[in-house]
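# Report on the structure
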Amino acid sequence: AEARSMESLEKQLICPICLEMFSKPVVILPCQHNLCRKCANDVFQASNPLWQSRGSSAVPSGGRFRCPSCRHEVVLDRHGVYGLQRNLLVENIIDIYKQESARPLHAKAEQHLMCEEHEDERINIYCLRCEAPTCSLCKVFGAHKDCEVAPLPAVYQRQKSELSDGIAMLVAGNDRIQAIITQMEEICHTIEENGRRQKQHVGLRFDALYGILEERKKELLQSIAAEQEAKLQRVRGLIRQYGDHLEASSKLVESAIQAMEEPQMALYLQHSKELLKKITDMSKASMSSRPEPGYENMDHFSINVDDVAEMLRTIEFQTGA
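Residues numbered from 1 in each chain as written. Predicted model: local features only at pLDDT ≥ 70, side-chain atom pairs only at ≥ 80, totals over all residues. Heavy atoms only, no water.

### Points about the pairing of strand E4 (residues 73-76)
Of the two faces of E4, only the one carrying Val-74 and Leu-76 is buried; Glu-73 and Val-75 on the other face are not. Inspection of the sheet shows strand E3 (residues 63-66) paired to E4 by 4 bridges, in the antiparallel sense. Along E4, the bridge assignment pairs Gly-63 with Leu-76. Turn length for the E3-E4 hairpin, with the two strands adjacent in sequence and antiparallel, is 6 residues, and the turn residue Arg-71 shows positive phi of about 70°. (Buried < 20%, exposed > 50% of the residue type's maximum accessible area, 1.4 Å probe, protein only. Helix = DSSP H or I, 4+ residues; strand = E, 2+ residues; numbered from the N terminus. Pairing = 2+ DSSP bridges.)

### Focus: the packing of helix H2 (residues 37-47) against helix H6 (residues 152-260)
The geometry of H2 relative to H6 is characterised by a closest axis approach of 9 Å and an angle of 40° between their N-to-C directions. When the axis of H2 is compared with that of H6, the two are oblique. For the pair H2 and H6, the sense of crossing is right-handed. Across from Val-43, Ala-46 and Ser-47 in H2, the residues of H6 making contact are Ala-168, Val-171, Ala-172, Asp-175 and Arg-176. In the contact of H2 with H6, the residues fall into 5 nonpolar, 1 polar and 2 charged. (Axes fitted to C-alpha atoms, helices over the stretch in contact; angles between N-to-C directions. Parallel < 35°, antiparallel > 145°, perpendicular 65-115°, else oblique. Left-handed = near helix turned anticlockwise from the far one by under 90°. Contact = heavy atoms within 4.5 Å. Nonpolar A, V, L, I, M, F, W, Y, C, P; charged D, E, K, R; others polar.)

### Some words on the nonpolar core
Counting 27 residues, the largest nonpolar core has Cys-15, Phe-22, Leu-29, Leu-35, Phe-65, Leu-76 and Ile-94 as its most contacted members. Going through the elements one at a time, strand E1 (26-28), strand E2 (34-36), H2, E4, helix H3 (88-101) and H6 are the ones with two or more residues in this core. In terms of residue count, H2 provides more of this core than any other element does, 4 residues in total. (Core = buried A, V, L, I, M, F, W, Y, C linked by side-chain atoms within 4.5 Å.)

### Here we look at H2
Those residues of H2 that fall on the buried side of the exposure criterion are Arg-37, Cys-39, Ala-40, Asn-41, Val-43, Phe-44 and Ser-47. Contact partners of the buried residues in H2: E1, E2, E3, E4, strand E5 (85-86) and H6.

### Focus: the sheet that holds E1
Across the sheet, which stays open at both edges, the 3 strands sit in the order E2-E1-E5 with antiparallel pairing between neighbours. Edge positions in the open sheet fall to E2 and E5, since each of these has one partner strand only. As judged from the 3 bridges shared by E1 and E2, these two strands associate in the antiparallel manner. The residue bridging Val-26 from the neighbouring strand is Cys-36, located in E2.

So, in C-alpha cells, the structure goes:
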C-alpha cells in the first residue's frame, strides 16, 4: 500500500512537458497547473519567437502561450516566464519524496524489466541499429553481437529530450492554429458587421428612391386634380346658368298660360304687352355656351415610365476603378 501511495504521488509530480519530476524552481500557472520553469520557458519561446529575452537592451514586451494540461491561455508580462510565481509547496513535496524514496525516478519499474532471452539478465543497454533495449549477453552472444549499442540512460535521456522538444513543438503549433482560428473567427465577425452595414446603406438608398417617386407621384396627381376641379367648376357653372334660364322660362310659360285664360279683354291687354316683351327677351337670350367637344378628356395626363423602369432594373453595385 505504501508503494502504491508513493507511485501515485510520483505521477502527480511529473511535468507534462519533459515527463520528468518537476525541477526547481516550479512555476504555477494562472490555471493552477505546474510546469518546470525551463519547460515553461521552452513552450513560451516556441509560441513567441520574437520575444526579447531577459538581459536584452530593448525593453521586452509580454507574450502568451497555452497551458499544455488544460489549454488555458496564459498571458505574461514583460518578465516572461520569470514573472510567474514559484510553487514552493510542490518543491517541498518533491524534496520530501526524494528523501523518502531514495531511488532514481522510474528505477523501481526498471528492476522488473528482464531480458526475454536471458531471464537472469536486466535490460541495461540500447541497440542503436535495431532501435531496441537489450541486455549485455545479447550484445556478446545473442542477436545484437554485431550491432552498435549505447548505455540505456544516455539513450533514455536523449529520447526524453527529443520527446520534450516534440511536445513543445506541438504545443506551439497548436497555439498557432488556435491563433489562426481566432483570426478567422474575427474575420467572420467583421464579414457579418460589414454585410449588415452595407445592407443598411442599400436600404437607405432605395428608401430615398421611394421618397422621390412618392413626391413626384403626389405632384402629378395634384396636377390632374387641379384641372379636374377647374373643368368641373366650369361645367357646373354652365349647368347652373341653364338651370336658372329653364326655371325662369318655365315660370314665364305659366304666367302666359294664366294670361291666356283671362276672359276680360281690357284686363288682358293691360298685362299682355309686358308679357310679350318678356317672352321675346327670353327667346332671344343666348344659351349657346357649352363645353367644346372633347372637353371632358383627361388623356393628356398619361405618362410612360417604361424607360425609367428599365433604368431602375439596371441598378447595380459600383465596381472599383
